[in-house]
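Fold and contact review
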Amino acid sequence: MSSQIYRSAAKTVRSLFSASKTSLLAEGRTVAAATVTSFRGKAPSITSFYGRTDSTSMASGWLSGLLALPAAVYMLQEQELHAAEFERTFIAIKPDGVQRGLISEIMSRFERKGFKLVAVKLVVPSKDFAQKHYHDLKERPFFNGLCDFLSSGPVLAMVWEGEGVIKYGRKLIGATDPQKSEPGTIRGDLAVVVGRNIIHGSDGPETAKDEINLWFKPEELVSYQSNSEKWVYGNN
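What counts, and at which threshold
- Residues numbered from 1 in each chain as written.
- Predicted model: local features only at pLDDT ≥ 70, side-chain atom pairs only at ≥ 80, totals over all residues.
- Heavy atoms only, no water.
- UniProt positions renumbered as here; feature names shortened; annotations may be inferred.
- Helix = DSSP H or I, 4+ residues; strand = E, 2+ residues; numbered from the N terminus.
- Buried < 20%, exposed > 50% of the residue type's maximum accessible area, 1.4 Å probe, protein only.
- Contact = heavy atoms within 4.5 Å.
- Pairing = 2+ DSSP bridges.
- Axes fitted to C-alpha atoms, helices over the stretch in contact; angles between N-to-C directions.
- Core = buried A, V, L, I, M, F, W, Y, C linked by side-chain atoms within 4.5 Å.
- Arc of directions from axis to C-beta.
- Salt bridge = Lys/Arg side-chain N within 4 Å of Asp/Glu carboxyl O.

As annotated in an unreviewed UniProt entry, the protein chain carries the name Nucleoside diphosphate kinase and is attributed to Aquilegia coerulea. Regarding the protein chain, the UniProt comment filed under Subcellular location (unreviewed entry) reads as follows: "Plastid, Chloroplast thylakoid lumen".

**Describing the overall build of the protein chain**
Each helix and strand in the protein chain was counted, giving 12 helices and four strands. Expressed as a percentage of its 236 residues, the buried residues of the protein chain come to 38%. Contacts spanning at least 24 positions in sequence make up 76% of the contacts within the protein chain whose residues lie at least 6 apart.

**Comments concerning the pairing of strand E3 (residues 155-163)**
As a general feature of sheets, a regular strand has side chains that alternate between the two faces. A large share of E3 lies buried, amounting to eight of its nine residues. Bridge count for strand E2 (residues 116-123) against E3 is seven bridges, and the pairing is antiparallel. Its bridge partner lying in E3, Lys 116 is registered against Glu 161.

**So, the sheet that holds E2**
Taking strand neighbours across the sheet as the criterion, the four strands line up as E2-E3-E1-E4 in an open arrangement whose pairing is antiparallel. Edge strands, defined here as strands with exactly one partner in the open sheet, are E2 and strand E4 (199-201). The mean angle between the axes of side-by-side strands here comes to 20 degrees, regardless of whether they run parallel or antiparallel. Note: strand E1 (residues 86-93) against E4, three bridges, orientation antiparallel. Residue Ala 92 lies in a different strand from E4, and its bridge partner there is His 200.

**Some remarks on the nonpolar core**
Ranked by size, the top nonpolar core spans 21 residues in total, and within it Ile 106, Phe 110, Trp 160, Ile 186, Ile 198 and Ile 199 carry the most contacts. Sorting the residues of this core by element identifies E1, helix H6 (103-113), E3, helix H9 (165-173) and helix H10 (186-190) as the ones contributing at least two each. The element contributing the most residues to this core is H9, with four residues. Those residues in contact with Ile 199, other than ones at most four positions away along the chain, are Ile 91, Ala 92, Ile 93, Lys 94, Ile 106, Phe 110, Ile 173, Ile 186 and Arg 187. Judged by nonpolar contacts, the second largest core, of 16 residues, contains Ala 92, Phe 143, Leu 150 and Ala 157.

**Structural notes on H9**
Within H9, burial applies to Val 165, Ile 166, Gly 169, Leu 172 and Ile 173. End-on, the buried residues of H9 take up no more than an arc of 120 degrees, which puts them together on one face. Exposed residues on H9 whose side chains face more than 90 degrees from its buried face are Lys 167 and Lys 171. Residues of H9 that are buried in the fold lie against E1, H6, E3, H10, E4 and helix H11 (205-215). The first or second residue beyond H9 is Gly 174, which carries a positive phi of 100 degrees.

**A short note on the UniProt feature "active site" (unreviewed entry) in the protein chain**
Annotation from UniProt places "active site" (unreviewed entry) at His 200. Considering the arrangement of structural elements, one finds His 200 in strand E4. In contact with His 200, not counting residues within four places along its chain, are Phe 90, Ile 91, Ala 92, Lys 94, His 133, Ile 173, Arg 187 and Glu 211.

**A closer look at the pattern of salt bridges**
Two side chains carrying opposite charge are able to pair once their charged atoms lie near each other. All told, the structure shown has seven salt bridges when counted by the stated rule. A salt bridge links Lys 116 to Glu 161; the nearest nitrogen and oxygen atoms lie 3.1 Å apart. Of this pair, Lys 116 sits in strand E2 while Glu 161 is found in strand E3, placing the two residues 45 residues apart along the sequence. The exposure class assigned to Lys 116 is buried, which follows from its relative accessible area of 9%. For Lys 116, the salt bridge is made with Glu 229, and the minimal N-O distance between the two is 2.6 Å.

If you want it as structure tokens, here you go:
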């Protein structure tokens, strides 16, 4: 009986996922609503599902229906959840990191983690542009020096996407002062002094949004599904 239940459940899930995305989500929500309604307050009658009186047949049919539909709905909900949790962050390799030839080393750390690159370009920002980037630090005594340095040479501007990429990106980068960064972080391994800490990363969702909009036009951001996502997230 268990093999029949499994085959029935698998067939139902496969048929649901073979539909188009729009109809799939609509059907999933409909099934979810029907399931909640059916089970609210009492268990459904086995005979009402299949109209059979044989106990073995009724149990097999009822269980395969019970297992298949919620499983499909759960998988749909998991897909929507992961999509909603994907976020983007702005990462920039500063002129010192570019000049030291650390581009591939830094990018590989984000790639190995499982994050996805969705925008990248090499630019030399103007002093005015650097001031816009560091606008929140304009009252600090080191503001002018920061802007001079950022505009002193090529900067590799990037946008990375993934679940928790903003928070973990900061962990991957390490503390602002390389002397306080843990070994294994980018700054902890590759930088020595705070004035040459090689990389910048957004420190929160609002900052990420503002910095991405400052450095990139909407058409420069690429949305795509990486073949590795099913191995990173296990949801497709």
